[in-house]
Amino acid sequence: QVRLVESGGGSVQPGGSLRLSCAASGFTLDYYVLGWFRQAPGKEREGVSCISGSGGSTYYADSVKGRFTISRDDAKNMMYLQMNSLKPEDTAVYYCAADFPYTTCPRPSGTWGKGTQVIVSS
């Protein structure tokens, strides 16, 4: 079974930090393009950050650039999203995804996790 499972979500105050993890089962992440997406209530799912198979190229949405950092550890079959200086507008369900490196970020047809909740509020 090919699966991705997110963890590390939770509730934090504005300005706080969280690190999300994504663990792969049933396949290895080595050459896949990986990414994080999020969806807030009543809003469309949006791309947050992506990383190439080699780890040499990354993408960040303008809204998170300078605050979030994506990384991967292929030896552990893991991918991470370090989130600093969190804002209320970062509140959403966060999803990890993997796909063949045809595009910069995973496509909707790729492999997706079920998500982890992040809440940023006072």
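So, here's what we can say about the structure.

Conventions used here
- Residues numbered from 1 in each chain as written.
- Predicted model: local features only at pLDDT ≥ 70, side-chain atom pairs only at ≥ 80, totals over all residues.
- Heavy atoms only, no water.
- Helix = DSSP H or I, 4+ residues; strand = E, 2+ residues; numbered from the N terminus.
- Polar contact = N/O pair within 3.5 Å; in protein donor to acceptor, adjacent residues only side chain to side chain.
- Contact = heavy atoms within 4.5 Å.
- Disulfide = S-S within 2.5 Å.
- Buried < 20%, exposed > 50% of the residue type's maximum accessible area, 1.4 Å probe, protein only.
- Patch = residues over 30% accessible without salt bridge, like charges linked within 9 Å, V, L, I, M, F, W, Y side chains within 5 Å.
- Areas by Shrake-Rupley, 256 points an atom, 1.4 Å probe, with all protein chains shown as cover.
- Salt bridge = Lys/Arg side-chain N within 4 Å of Asp/Glu carboxyl O.
- Phe/Tyr/Trp six-rings, centres within 6.5 Å; stacked < 30°, edge-to-face > 60°.
- Lys NZ or Arg CZ within 6 Å of the ring centre and 35° of its normal.

So, the side chain of R72
Tracing the backbone shows R72 in strand β7 (residues 68-73). A polar contact of 2.6 Å, which involves the side chain of R72, links it to the backbone oxygen of L29. Only 2.9 Å separates the side chain of R72 from the backbone oxygen of Y32, close enough to count as a polar contact. Setting aside residues no more than four positions away along its own chain, R72 makes contact with L29, D30, Y32, L34, I51, S52, G53, G55, M78 and M79.

A word on the state of the cysteines
Going through the model one piece at a time under the given rule, you end up with 2 disulfides. Sulfur-sulfur distance for the disulfide between C22 and C96 comes to 2.1 Å. Every disulfide takes its handedness from the sign of the S-S torsion; for C22 and C96 that torsion is 60°, giving right-handed. Separated by 74 residues along the polypeptide, C22 in strand β3 (residues 18-25) and C96 in strand β9 (residues 92-99) bring together distant segments of the chain. Here the two residues C22 and C96 agree in accessibility, since each one is buried. Here C50 engages in a disulfide with C105; their sulfurs sit 1.9 Å apart. Around the S-S axis, the bridge from C50 to C105 shows a dihedral of about 120° and counts as right-handed. On the criterion of sequence distance, the pair formed by C50 in strand β5 (residues 46-51) and C105 in the loop between β9 and β10 (111-112) is long-range, its members being 55 residues apart. By the burial criterion, C50 is buried, and C105 matches it. Sequential numbering of the bridged cysteines in the protein chain gives the disulfide pattern 1-3, 2-4.

What about a nonpolar patch on the surface?
Side chains of Y31, F100 and Y102 sit close together on the surface and give an oily, nonpolar patch of about 360 Å² of accessible area. By relative accessible area, Y102 is classed as exposed at 60%.

Topic: the environment of I51
Considering the arrangement of structural elements, one finds I51 in strand β5. Between the C-alpha atoms of I51 and A98, which are 47 residues apart in sequence, the distance is 9.9 Å. Contact partners of I51, with chain neighbours within four places excluded, come to Y32, V33, L34, S57, T58, I70, S71 and R72.

So, the packing of aromatic side chains
Across all of its chains, the model carries 5 aromatic pairs by this definition. Measuring from ring centre to ring centre gives 5.4 Å for Y32 and F100, while their planes differ by 40°; the resulting arrangement is tilted. Of this pair, Y32 sits in the loop between β3 and β4 (33-39) while F100 is found in the loop between β9 and β10, placing the two residues 68 residues apart along the sequence. Taking relative accessible area as the criterion, Y32 reaches 15% and is therefore assigned buried. Where F37 meets W112, the ring centres are 4.6 Å apart and the plane angle is 55°; that geometry is what we call tilted. Within this pair, whereas F37 is found in strand β4, its partner W112 is found in strand β10, the two being separated by 75 residues in sequence. One aromatic cluster in this structure is built from F27, Y31, Y32 and F100. Taking the ring centre of Y95 as reference, the NZ or CZ of R45 above it sits at 3.9 Å. Taking the ring centre of W112 as reference, the NZ or CZ of R45 above it sits at 4.9 Å.

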